[in-house]
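Chain residues, written in single-letter form:
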Amino acid sequence: QVQLVESGGGLVQSGGSLRLSCAASGRLFNIYVMGWYRQAPGKERELVATVNLSGTTTYADSVKGRFTISRDNTKDTWSLQMNSLKPEDTATYYCYSFHYGSLTYWGQGTRVTVSS
């Protein structure tokens with residue numbers, strides 16, 4: 001079993017920055033991809049960014065150039081640095097981990113609100 005705990009959400013003005021972190025614990029030996037999804041009210045969950053064991057990153061087009069995902073293997077954490085935030089970034093952000101064997105685990109979510 002794997003437990004994921006997010007932190008770092010909050011309220012910020014448009015153009016501001018926030019940093020989200022995800023702390024993982026449990027059976028992490030077969031983790032393959034780490035990342036973040038978000039879900040705004042009334043919308044489907046959207047993949048925001050991923051990083052794999054090789055350090056390769058991917059981003060949604062809507063956040064490219066503004067968000068940066070990073071990982072710290074020694075601490076079993078990964079983070080999402082969000083700069084130049086826009087009101088449309090308002091959502092609940094969920095960290096997730098994907099493991100060999102097609103297992104996926106989710107955090108409980110952290111709310112990000114960007115005011116205009």
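Provided above is the structure to which this section pertains.
Residues numbered from 1 in each chain as written. Predicted model: local features only at pLDDT ≥ 70, side-chain atom pairs only at ≥ 80, totals over all residues. Heavy atoms only, no water.

Just to check I follow, could you spell out the overall build of the protein chain for this structure?
When helices and strands are counted, the protein chain shows 0 helices and 11 strands. Taken from N to C terminus, the helices and strands of the protein chain fall in the order β-β-β-β-β-β-β-β-β-β-β. Relative to the compact-globule value of 13 Å for 116 residues, the protein chain shows a C-alpha radius of gyration of 14 Å, a close match. In terms of overall dimensions, the protein chain has a C-alpha envelope of 40 × 25 × 25 Å along the principal axes. A total of 116 residues make up the protein chain; the buried ones form 42% of that total. When contacts within the protein chain are restricted to residue pairs at least 6 apart in sequence, those whose partners lie at least 24 apart make up 53%. For the protein chain, the computed accessible surface area is about 6100 Å², with 49% contributed by carbon and sulfur atoms. Positive and negative side-chain charges of the protein chain, numbering 11 and 8 respectively, have mean locations separated by a distance of 2 Å. (Helix = DSSP H or I, 4+ residues; strand = E, 2+ residues; numbered from the N terminus. Rg over C-alpha atoms; globule rule 2.2 N^0.38 Å. Buried < 20%, exposed > 50% of the residue type's maximum accessible area, 1.4 Å probe, protein only. Contact = heavy atoms within 4.5 Å. Areas by Shrake-Rupley, 256 points an atom, 1.4 Å probe, with all protein chains shown as cover. Lys, Arg positive; Asp, Glu negative; His and termini not counted. Charge placed at Lys NZ, Arg CZ, Asp CG, Glu CD.)

Hey, could you run me through the pairing of strand β3 (residues 18–26) in this one?
The side chains of a regular strand alternate, first on one face of the sheet and then on the other. Judged from the 6 bridges that link them, strand β1 (residues 2–7) and β3 form a sheet pairing that is antiparallel. What sits directly across from Val 5, in β3, is Ala 23. Pairing of β3 with strand β8 (residues 77–82) involves 6 bridges; the strand directions are antiparallel. Bridge pairing in β8 links Ser 21 to Ser 79. (Pairing = 2+ DSSP bridges.)

Teacher, can you tell me more about the side chain of Glu 6 here?
The topology assignment puts Glu 6 in strand β1. There is no salt bridge for the buried Glu 6, and the closest opposite charge comes from Arg 45, which lies 8.0 Å off by N-O distance. A polar atom in the side chain of Glu 6 sits 2.8 Å from the backbone nitrogen of Gly 109. Non-local contacts of Glu 6, meaning those with residues more than four positions away in its chain, are made with Ser 21, Cys 22, Trp 36, Tyr 93, Tyr 94, Cys 95, Gly 107, Gln 108, Gly 109 and Thr 110. (Salt bridge = Lys/Arg side-chain N within 4 Å of Asp/Glu carboxyl O. Polar contact = N/O pair within 3.5 Å; in protein donor to acceptor, adjacent residues only side chain to side chain.)

These values are about where atoms sit, not about what they do.
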